Amino acid sequence: MEIFDYDNILLLPRKCRVESRSECDASVQFGPRRFRLPVVPANMKTVVDASICLWLARHGYFYVMHRFDLDNVAFVRHMHAQGQFASISLGVKAPDYATVDRLVAEGLVPEYVTIDIAHGHADSVRKMIAYLKEKLPQTFVIAGNVATPEAVIDLENWGADATKVGVGPGKVCITKLKTGFGTGGWQLSALKWCARVATKPIIADGGIRSHGDIAKSIRFGATMVMIGSLFAGHEESPGQTVEVDGQLYKEYYGSASDFNKGEYKHVEGKRILEPIKGKLADTLTEMEQDVQSSISYAGGTRLMDIRKVNYVILGGDNAGEHLLM
């Protein structure tokens, strides 16, 4: 098995078929809807809040609202009142089941539900998928996070409509240091490994450090890419603003950090400061242009044309050219 990560891979260009990169279609079908980009901001308290989610939905982007200190039922009600789709996160504990019951009682059907726990290959996830499928059969269910083909097969068989792949590769995740487990340092090859057996969409979650990593994720099997640090630190970001030596930063911390939990217990995340980047809309525009450029380098006109390119692995035992022909 090849072991590599984003910085070990370069995709190989094919003959360009467009006059301008703006002709390339960066949109993606994910569940019942089509979105402008194959990216979604991480469902973390310092990355998204209700106002950002509403803005994303209005402008054609996918979002997943976080599940911390939040009334999910009120959020779904609000998004539907605004004429937008609702995409929420749930855990697997009693209050999460109660949330599902409240949604059913009010006749609210969120279009997307993400079952979001650190180790998603679990009986607790199987039970929650079954409960959602029974109570909210029209809802598109995303489950994770997982790291192996066995987990993807199980989650799909349990009824998940998409799986989220990535255990601990994020910038504020310290799972590999705390537990010795995870995909930190080889997230891209873990994605490739999992995508080989997947029959439903995969969200690649974590380890994205540059816009080119989006194209690499698509190449190795992702339909959607979840990004934390690149979306944190914007003017609109909900993290607290901190000034250090005259420079403004936004705090960014992991969902399994003590900053998010409010206690130091089973901590697998940390807090960092991200320099303020400007407006979220500008980053999304730049991302779209960069993905369009990736499509043009792939010799294509649509996003999934990126899947057809060859690649090289740089350095290490696996180094070499990997050709499809």
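Residues numbered from 1 in each chain as written. Predicted model: local features only at pLDDT ≥ 70, side-chain atom pairs only at ≥ 80, totals over all residues. Heavy atoms only, no water.

Chemist: Please clarify how the sheet that holds strand β11 (residues 241-244) should be interpreted in this entry.
Modeler: Reading across the sheet, the 3 strands line up as β11-β12-β13 and stay open at both edges, with antiparallel pairing between neighbours. The open sheet has two edge strands, β11 and β13 (271-275), and neither has a second partner. Put simply, the sheet's adjacent strands are angled 45° from each other on average, direction ignored. As defined by bridge partners, strand β12 (residues 247-253) adjoins β13 across 5 bridges and the pair is classed as antiparallel. Across the sheet, the residue bridging to Tyr249 is Pro275, located in β13. (Pairing = 2+ DSSP bridges. Helix = DSSP H or I, 4+ residues; strand = E, 2+ residues; numbered from the N terminus. Axes fitted to C-alpha atoms, helices over the stretch in contact; angles between N-to-C directions.)

Chemist: It is not clear to me how the pattern of salt bridges should be interpreted in this structure. Could you clarify?
Modeler: If the charged atoms of two oppositely charged side chains come close together, the side chains can form a pair. Within the structure shown, the criterion is met by 13 salt bridges. Put simply, Lys45 and Asp69 hold a salt bridge, and the shortest N to O gap is 2.8 Å. Placement of Lys45 in the loop between β4 (39-41) and α1 (50-58) and of Asp69 in the loop between α1 and α2 (72-81) is noted, with a sequence separation of 24 residues between them. A relative accessible area of 24% means that Lys45 is categorised as partly exposed. Relative accessible area serves as the criterion here: at 70%, Asp69 is assigned to the exposed category. Here Asp116 and Arg67 are joined by a salt bridge, their closest N and O atoms 4.0 Å apart. In this pair, Asp116 is assigned in strand β6 (residues 112-116) and Arg67 in the loop between α1 and α2, connecting sequence segments 49 residues apart. For Arg67, a relative accessible area of 28% translates into the label partly exposed. Where salt bridges share partners, they join Arg67, Asp116, Lys164 and Asp205 into one cluster. (Salt bridge = Lys/Arg side-chain N within 4 Å of Asp/Glu carboxyl O. Buried < 20%, exposed > 50% of the residue type's maximum accessible area, 1.4 Å probe, protein only.)

Chemist: What should I look at first to understand the layout of surface pockets in this one?
Modeler: Regions of empty space are outlined by a rolling probe, equal in size to a water molecule, passed over the atoms. Size it by volume and the second largest pocket reaches roughly 240 Å³. Around the second largest pocket, the lining residues are Leu10, Leu11, Leu12, Pro13, Gly212, Ala215, Lys216, Ser294, Tyr297, Ala298, Ile306 and Val309. When residues of the lining of the second largest pocket are traced back to their parent elements, those giving at least two are β1 (9-11), α8 (212-219) and α10 (280-297). Element by element, the count of residues in the lining of the second largest pocket is highest for α8, at 3 residues. Of the residues contributing to the lining of the second largest pocket, the split by class is 9 nonpolar, 2 polar and 1 charged. (1 Å grid on protein atoms, 1.4 Å probe; cavity = no way out; pocket = protein on both sides within 12 Å on 5 of 7 lines; lining within 4 Å. Points joined across faces, edges and corners; volume = space filled by probe spheres on them. Nonpolar A, V, L, I, M, F, W, Y, C, P; charged D, E, K, R; others polar.)

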